[in-house]
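Each chain, written out:
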Amino acid sequence: MTRTGSDQALAVYQELRARPEAGFDEVADRLELSADERERCRQELASLGLTAPPAPDPSGRREDPTPRPVVVDPDVALLRLLRRERDRLQDRLAATSRAHTALEALAGPFLRAGAAPRSEVEVEIVTDPQRVLRELADLTTSVRTAVHVMHTGSVRREDMAAELERDRRRAARGVRVRAMYSRRVGTVPEMGQHLDDRAALGVELRLSPVVPMNMVLADENFALLPTDPHDPDSPTILARGPGLVRSYLALYEYCWQAASRHGEAPGETRGDGLSDQQRAALQMLASGIKDEQIARSLGVSLRTVSRLLSEVMQELGAASRFEAGVKAARLGLLTGEGPEPVA
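Residues numbered from 1 in each chain as written. Predicted model: local features only at pLDDT ≥ 70, side-chain atom pairs only at ≥ 80, totals over all residues. Heavy atoms only, no water.

1. With respect to the overall build of the protein
To keep it simple, the criterion reads: Secondary structure elements are defined from DSSP: runs of H or I of at least 4 residues count as helices, runs of E of at least 2 residues count as strands, and each element is numbered from the N terminus. Using a 1.4 Å probe on the protein chains alone, a residue whose accessible area is under 20% of its type maximum counts as buried, one over 50% counts as exposed, and one in between counts as partly exposed. Residue-level accessible areas treat just the shown protein chains as cover; the underlying method is Shrake-Rupley with a 1.4 Å probe.
Tallying secondary structure elements over the protein gives 12 helices and 10 strands in all. The buried share of the protein, taken over its 343 residues, is 35%. Summed over its atoms, the accessible surface of the protein is roughly 20,700 Å², and 53% of this surface lies on carbon and sulfur atoms.

2. Here we look at the side chain of R170
What counts here: The sign given to each residue is positive for Lys and Arg and negative for Asp and Glu; His and the chain ends receive no count. Whenever Lys or Arg places a side-chain nitrogen within 4 Å of a carboxyl oxygen from Asp or Glu, that contact is recorded as a salt bridge. Whether two residues touch is decided by their heavy atoms; if any such pair falls within 4.5 Å, the residues are in contact.
Structurally, R170 is set in helix α6 (residues 157-172). With no salt bridge to any partner, buried R170 finds its closest opposite charge in D167, at an N-O distance of 4.2 Å. With residues up to four places along the chain from it excluded, the contact list for R170 reads T140, V147, V175 and V177.

3. Observations concerning the sheet that holds strand β3 (residues 122-126)
Rule in force here: If DSSP finds at least two bridges between two strands, the strands pair. Between N-to-C directions, angles cover 0 to 180 degrees, with each direction set by a line fitted to C-alpha atoms, over the stretch in contact for helices.
Here 8 strands make up an open sheet; going across it, the order is β3-β9-β8-β7-β4-β5-β6-β10 and the pairing mixed. Each having just a single partner strand, β3 and β10 (260-261) make up the two edges of the open sheet. Sheet topology places strand β6 (residues 204-208) next to β10; 2 bridges connect them, and they run antiparallel. Among the inter-strand pairings, R206 is bridged to a residue of β10, identified as R261. Together, β4 (146-151), β5 (176-182) and β6 form the strand contacts of helix α7 (residues 189-200), whose direction differs from that of β5 by roughly 165°.

4. Concerning the packing of helix α11 (residues 302-316) against helix α12 (residues 321-331)
Condition: Angle categories are assigned with fixed cut-offs, so that under 35 degrees is roughly parallel, over 145 is roughly antiparallel, 65 to 115 is roughly perpendicular, and the rest are oblique. By the definition used in this description, the sense in which the near helix is turned from the far one sets the handedness, with an anticlockwise turn below a right angle giving left-handed and a clockwise turn giving right-handed. Asp, Glu, Lys and Arg are counted as charged, while Ala, Val, Leu, Ile, Met, Phe, Trp, Tyr, Cys and Pro are counted as nonpolar; the rest, among them Gly, fall into the polar class.
As a packed pair, α11 and α12 sit with axes 10 Å apart at the nearest point and diverge in direction by 60°. Compared by their axis directions, α11 and α12 come out oblique. Two packed elements cross with a definite hand, and for α11 against α12 that hand is left-handed. Where α11 abuts α12, its residues S306, L309, M313 and L316 lie against R321, A324, K327, A328 and L331. Classifying every residue of the contact of α11 with α12 gives 6 nonpolar, 1 polar and 2 charged.

5. A short note on the pairing of β4
Threshold: Seen with its strands pointing away from the viewer, a crossover is right-handed if its path from the first strand over the helix to the second goes clockwise.
Of all 6 residues in β4, 6 are buried, a share of seventy percent or more. The two faces of β4 match: A146, H148 and M150 on one face and V147, V149 and H151 on the other face are all buried. By the bridge criterion, 6 bridges tie β4 to β5 in an arrangement that is parallel. Following the sheet pairing, H148 is matched in β5 by R178. Viewed along the sheet, the connection from β4 through α6 into β5 turns out right-handed. Where β4 and strand β7 (residues 215-218) come together, 4 bridges link them in antiparallel fashion. Considered in β7, the bridge of V149 is made with V216.

6. Some remarks on the confidence of the model for the protein
This is how it is decided: pLDDT is defined as a per-residue confidence score from the predictor, taking values between 0 and 100.
Confidence in the prediction of the protein, expressed as mean pLDDT, is 79, and 83% of residues score 70 or more. At the low end of the mean pLDDT range in the protein sits helix α4 (residues 74-111), at 73; at the high end sits β7, at 92. Overall, residues 267-271 carries pLDDT values under 50, and its contacts beyond four positions in sequence, including any with other chains, amount to 13 contacts. Counted against residues more than four places away or in other chains, residues 337-343, with its pLDDT under 50, gives 9 contacts.

7. Focus on a nonpolar patch on the surface
The following threshold applies: A patch is a set of surface residues, each over 30% in relative accessible area and not in a salt bridge, joined within 9 Å for like charges and within 5 Å for the nonpolar side chains Val, Leu, Ile, Met, Phe, Trp and Tyr.
On the surface, a nonpolar cluster with roughly 300 Å² of combined accessible area is contributed by L78, L79 and L82. Within the secondary structure layout, L79 lies in helix α4.

8. What about the nonpolar core?
The cut-off we apply is this: Throughout, nonpolar core names a set of buried Ala, Val, Leu, Ile, Met, Phe, Trp, Tyr and Cys residues whose side chains join them through atoms within 4.5 Å.
Residues M150, M215, L217, A223 and Y252 are the most contacted members of the largest nonpolar core, which totals 16 residues. Mapped onto this core, the elements with two or more residues apiece are β7, β8 (222-226), β9 (236-240) and α8 (242-258). For this core, the element with the most residues is α8, which contributes 6 residues. Beyond its immediate sequence surroundings of up to four residues, Y252 is in contact with H148, V149, M150, R178, A179, M180, M215 and L217. Of all hydrophobic cores here, the second largest spans 14 residues; its members include A9, L16, A28 and L33.

9. Observations regarding the environment of M284
Mapped onto the elements of the fold, M284 is located in helix α9 (residues 276-286). Along the backbone, M284 and S297 are 13 residues apart, and their C-alpha atoms lie at a distance of 9.3 Å.

10. Focus on α11
The following threshold applies: By definition here, a helix of n residues has an expected span of 1.5 Å times n minus one.
If you check α11, its first and last C-alpha atoms are 21 Å apart, about what 15 residues at 1.5 Å a residue would give, namely 21 Å. Listing the buried residues of α11 in full gives T304, V305, L308, L309, V312, M313 and L316. Where α11 is buried, its residues touch α9, α10 (291-298) and α12.

11. Looking at the pattern of salt bridges
Working definition: two side chains of opposite charge can pair if their charged atoms are close together. Taken as a whole and judged by the stated rule, the model has 23 salt bridges. When the shortest N-O distance is used, the salt bridge between D25 and R42 registers 3.5 Å. Of the two residues, D25 sits in helix α2 (residues 24-30) while R42 sits in helix α3 (residues 35-47), which places them 17 residues apart along the sequence. A salt bridge links E158 to R156; its shortest N-O distance comes to 3.8 Å. The structure contains a network of salt bridges with shared partners spanning D25, D29, R38, E39 and R42.

Shown next, in the form of structure tokens:
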């Protein structure tokens, strides 16, 4: 029966196992193999670990001109082959890791998709929910400084663990994370625990009576929000470029200043004596926003805005709005940080 390729190598191997006293050439002669076929079978069996060269003679006598190869059991050969491939894979992984580290050090800023701010504005309507999930996953690794999120409702139970893992990874990279939820969300026990878990990881949390839409912003260069704020299943707007994203961030800032910190009652004053509403009015005043716009942002009348700012001036001991803004900046009330050091 004519045999070719691996069939010949298998036949040689079976003969060597059946006749341990026979040498390779003797088996090859018996199977009537040509010189090329013998060499191919010899190399194939050796590469698979099914044969090995004979051990050297410890007595030092002259070597046998026709040495008999050592025949290895298939299970032993398989384990050795797997071990060899594992070692080779580990070497390749180590080399790849070294190359990646060197490349990251040299060109890291250029490898992070969307990391560099863009002057142009790019807007895309995304209809594939899986694409939205991929964009959010990529954002976790590409964001550099800050992520700002609005949630109109609760987080699904099956998504809570993934959200906490993203928080851990961002915190490890020094990324600031702010999240705003509807106040009714905080009354759900399971969500309350989730918010506590996020706060423990360093996430800044606030609750608001009204959250206008779901929104994700990052680095003044990335925005993700629905085309229809009232329909959670509507297509998603994916925007890139600071020219547009900064407008969304301004909206977020106004909503943020009007919201209450997680764990505080609405309107509760903090250590500086200002309520959330007073602080929001102060923040917008310092940004140069007129009273009419402040009133619209807070949903109050012009008279209420005047009263809030008067209360702020009284609290800060300022004789004018300008002086109130200067004192607020020195006290760190406009940035959420501590007071400026006194020179």
